[in-house]
Structures are given as structure tokens and as C-alpha cells.
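# Structural overview for review
Below, each chain spelled out in residue letters.
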Amino acid sequence: MDNSFAIQAKNISKTFHITEDSHNTVKHRLFNIFNPPRSKNVNAVKMMSFDIKKGECIGLLGRNGCGKSTLTKLMAGVYQTDTGYVKINGSTMLMNLGVGMSHELTARENIYVSGSVLGMKIKEIDAIFDTIVDFAELREFIDTKIKYFSSGMVARLGFSIAVNAGADIMFLDEIFAVGDVKFQEKAIKVFESSWIKGKTVVLVSHSMDTIRNYCSRAGFMKNGEMVYFGDTEKAIELYMADNQ
Ligand SMILES: Nc1ncnc2c1ncn2[C@@H]1O[C@H](COP(=O)(O)OP(=O)(O)OP(=O)(O)O)[C@@H](O)[C@H]1O
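Given the structure is predicted, the values throughout are model-derived calculations rather than measurements.

On a plain count of helices and strands, the protein comes out with nine helices and nine strands. Relative to the globule expectation of 18 Å for 244 residues, the C-alpha radius of gyration of the protein, 20 Å, shows essentially globular dimensions. In terms of overall dimensions, the protein has a C-alpha envelope of 60 × 45 × 35 Å along the principal axes. Counting every position in the protein, which comprises 244 residues, the buried fraction comes to 44%. Charge-centre separation for the protein: the mean point of 29 positive side chains lies 5 Å from the mean point of 27 negative side chains.

This brings us to unusual backbone geometry. In this model, Glu 137 sits at a positive phi of 55°, which is unusual for a non-glycine residue. Unlike most non-glycine residues, Asn 223 shows phi in positive territory, near 45°. Looking at the element boundaries, Asn 223 is found in the loop between strand S8 (217-222) and strand S9 (225-231).

With that settled, consider the sheet that holds strand S4 (residues 83-88). What holds strands together in a sheet is hydrogen bonding between their backbones, with the strands either parallel or antiparallel. Spatially, three strands are ordered S2-S1-S4 in an open sheet, and the strand pairing comes out antiparallel. The strands lining the two open edges of the sheet, one partner per strand, are strand S2 (39-53) and S4. Within the sheet, the average angular offset between the axes of one strand and its neighbour, ignoring direction, is 25°. Sheet topology note: the strand S1 (residues 5-19)/S4 ladder contains five bridges and is antiparallel. Across the sheet, the residue bridging to Ile 7 is Ile 88, located in S4. Where helix H2 (residues 68-76) meets the sheet, its contacts fall on S1, S2 and S4, and the angle it forms with S2 comes to roughly 60°.

As a structural note, the neighbourhood of the ligand is formed by 14 residues, with Asn 64, Gly 65, Lys 68, Ser 69 and Thr 70 the closest of them. Contacts to the ligand include Asn 64, whose side-chain N or O atom sits 3.0 Å from an oxygen atom. Gly 67 has a polar backbone atom sitting 3.0 Å from an oxygen atom of the ligand. Bound to the protein, the ligand loses 63% of the 640 Å² it would expose on its own.

A few words on the side chain of Asp 242. Relative to the helices and strands, Asp 242 resides in helix H9 (residues 232-242). Side-chain polar atoms of Asp 242 contact the side chain of Lys 222, separated by 2.7 Å. Residues contacting Asp 242, with those up to four places away along its chain left out, are Arg 63, Phe 220 and Lys 222.

A complete count under the given rule lists seven aromatic pairs for this structure. Aromatic side chains Phe 16 and Tyr 79 sit 5.6 Å apart centroid to centroid with 75° between the ring planes, which places their arrangement in the edge-to-face category. Separated by 63 residues along the polypeptide, Phe 16 in strand S1 and Tyr 79 in the loop between H2 and S4 bring together distant segments of the chain. Residue Phe 16 is classed as partly exposed on the basis of its relative accessible area of 26%. The ring of Phe 135 has Lys 186 lying over it, and the distance from NZ or CZ to the ring centre is 5.0 Å.

Okay, the nonpolar core next. Across soluble globular proteins, nonpolar side chains show a tendency to be buried alongside one another. With 48 residues, the main nonpolar core has Ile 111, Leu 157 and Phe 159 as its most contacted residues. Sort the elements by how many residues they give to this core and helix H5 (residues 151-165) lands first, with nine residues. Judged by nonpolar contacts, the second largest core, of 20 residues, contains Ile 52, Ile 58, Met 75 and Met 221.

Buried within helix H3 (residues 107-117) we find Ala 107, Asn 110, Ile 111, Ser 114 and Gly 115. Taken end-on, H3 shows its buried residues confined to a sector of 130°, consistent with a single buried face. Directly beyond the C-terminal end of H3, a positive phi value near 90° is found at Gly 119.

Turning to the pairing of strand S6 (residues 169-173), a few remarks are in order. Within a regular strand, the side chains alternate between the two sheet faces. Burial of S6 is extensive: five of the five residues sit out of reach of the surface. Bridge count between S6 and strand S7 (residues 200-204): five bridges; the pairing is parallel. Looking at S7, one finds that Leu 172 is bridged to Leu 203.

With respect to the element layout, Asp 168 can be found in the loop between H5 and S6. C-alpha of Asp 168 to C-alpha of Val 190: the two residues are 22 residues apart in sequence and 14 Å apart in space. Every residue in contact with Asp 168, bar those within four places of it in the chain, is listed here: Gly 90, Ser 91, Lys 199 and Thr 200.

What counts and how
One numbering rule holds for all chains: residues counted from 1, following each sequence as written. Where totals are concerned, whole chains, interfaces and linings use all residues; where local detail is concerned, this predicted model gives features only for residues with pLDDT of at least 70, and gives and counts side-chain atom pairs only at 80 or more. Here the side-chain values reflect all heavy atoms present in the structure, with hydrogen atoms and water set aside. Starting at the N terminus, helices and strands are each numbered in turn, a helix being any DSSP run of H or I of at least four residues and a strand any DSSP run of E of at least two. Taken over C-alpha atoms, the radius of gyration is set against a globule rule of 2.2 Å times the number of residues to the power 0.38. For every residue, the accessible area (1.4 Å probe, protein chains only) is compared with the maximum for its type, and the residue is labelled buried under 20%, exposed over 50%, or partly exposed between those bounds. None of His or the chain ends enter the tally, which takes Lys and Arg as positive and Asp and Glu as negative. By convention, the charge on Lys lies at NZ, on Arg at CZ, on Asp at CG and on Glu at CD. Criterion used throughout: strands pair if DSSP finds at least two bridges between them. Between the N-to-C directions of two axes lies an angle of 0 to 180 degrees, each axis being a line fitted to C-alpha atoms and, for a helix, fitted only over the stretch in contact. The contact criterion used is simple: two residues touch if any of their non-hydrogen atoms lie within 4.5 Å. Consider each residue's heavy atoms; a residue with any of them within 4 Å of a molecule or strand counts as near. Counting of polar contacts relies on pairs of N or O atoms within 3.5 Å, with two restrictions inside protein: one atom must be capable of donating a hydrogen and the other of accepting it, and residues adjacent in sequence are counted only when both atoms are side-chain atoms. Using a 1.4 Å probe, the Shrake-Rupley method yields the accessible areas, and only the shown protein chains count as cover for residues. Here the aromatic set is Phe, Tyr and Trp, taking the six-membered ring for Trp, and pairing holds for ring centres within 6.5 Å; pairs whose planes are under 30 degrees apart are stacked, those over 60 apart are edge-to-face, and all others are tilted. Think of it as a cone above the ring: NZ of Lys or CZ of Arg counts as a charge over the ring if it is within 6 Å of the ring centre and within 35 degrees of the ring normal. What we call a nonpolar core is a set of buried Ala, Val, Leu, Ile, Met, Phe, Trp, Tyr and Cys residues that are connected through their side-chain atoms within 4.5 Å. The directions from the helix axis to the C-beta atoms are what the arc is built from.

Structure below.
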């Protein structure tokens, strides 16, 4: 792989098979013995290819359900692709409401597990532990299992780990939408600091200002398709037109 690339996606796609829930009840099954559960396929991500260079901040735009989160999870390796492949060049962190963190573990335990996944030694994690906790402002909840956290608290923890542990590639799925104002200000400071230089970021957001301010390129998705991938303003224009 050419070393200037952080992510290469080639002919990737993902289809979900969904069975209608109503068929899961005993009553419904008894009355519909000869009528099998209905299922349908959702083509969440349709065949697409693209490259993201190291140090780029890429925006992903599209209406609800168009496949942005699924694509992000394919890139981060949370889901396997049905076709094609994704090549990743660097350590990754997906900060999408705690994906990549275990909800059965405490914040403290998650910091150590995530730090290890990012390739850090225990001593290295010890050294940045307090910084992570203070940045996330979660000191009093440090020994609480994160299943009891609000989505904003989980997002703060994930963001703080990734920023302080130095993930090379960050997938930020609506990070600005779940945090409170104070957290959003912190996240913006990170985006505007030198820390972000050289990092690769994939940013899913419905905020055009955020995409416009920080993304060098953007993708516009519709019904699982990558309709456009390139100039940020052009992608925003297409998204706005799709919302008319
Ligand atoms: N785990 C899953 N199982 C089945 N279907 C799924 C799953 N995840 C997503 N889908 C379906 O795939 C499609 C794309 O969903 P996805 O969450 O990727 O969209 P999105 O663009 O991120 O939406 P939003 O802006 O609302 O977050 C939707 O139709 C959704 O119902």
C-alpha cells in the first residue's frame, strides 16, 4: 500500500438481512405456522471505492439512514465487508457512542483496554491516565461501568482516549451532536490545535458549519450510494439540495 494513504476502500458493500420483529412472538408464530417470517435486505452500503490520504479530514454527508454509520463501521473494521476490502494504515479509534468500548467495563478499565488496542504499554497508559480522565471530566464516574453512562459521557470518554492516546485515524460519528456545549467547545479546540495535524479524521455530521470548517473533502451519500466524493462545498450543495 502506498504509504501516503490512511484508508483505501475498494469495491466495498454491506447488506443487512432483517426479519420482521412481529414474527418473533409465540402468538404470532402459532397463528402464522404456514406463513414464514418476512425478511428483507437493506443495501446499507452499495459498491463503492475511495482513498483517504494521511492527514485528511473527510466529511460524510447524507440524510438519515443513507448508510454513513455503516460505512464508518466498515472502515473501522467493526463490520466485515460483504465484497471488496478496506486497507488501513495506522491505529484507529471509532468514537461512535462507545463502539470499541465495552459497556460491561468501567471507565478506568476501558481506558486501559482502548490504550492497549492503540498499541500502548501499561506504563504509557498510566502516564496519561489522569489527563484522559480530566479532559473527559469523568473523575467521579471513573469506576462506574459505562453502561450506566449517558451517550454524551461515553462520547467524551472515547474522544478523550483517542486524543490523548494519539490514535492515527479517528472516526467521529456525530461527536458534535451528542456532547454538551462545553464538550463541543473542547472538541473544537482539539480540531483547531496542532494536535490534529497529521491525523486522519472521518467526520460524520449533519452540521454543515462543522463539515465546512474542518473537512478538506467530503462524501455525499444517498440510499447507500456514494453519489459524490470530492470538493467539500460541492458535497454540501448536493446534500442541501437533497433536503429540499
Ligand atoms: N445492525 C443493523 N442491522 C440491520 N440494519 C441496519 C443495521 N445498521 C444499520 N441498518 C440499516 O442500514 C441503513 C443505513 O443505516 P446507517 O445507520 O448506516 O445510516 P446513517 O446514514 O448513519 O443514518 P443516521 O444519519 O440516522 O445516523 C438503514 O436502513 C438502517 O436501518
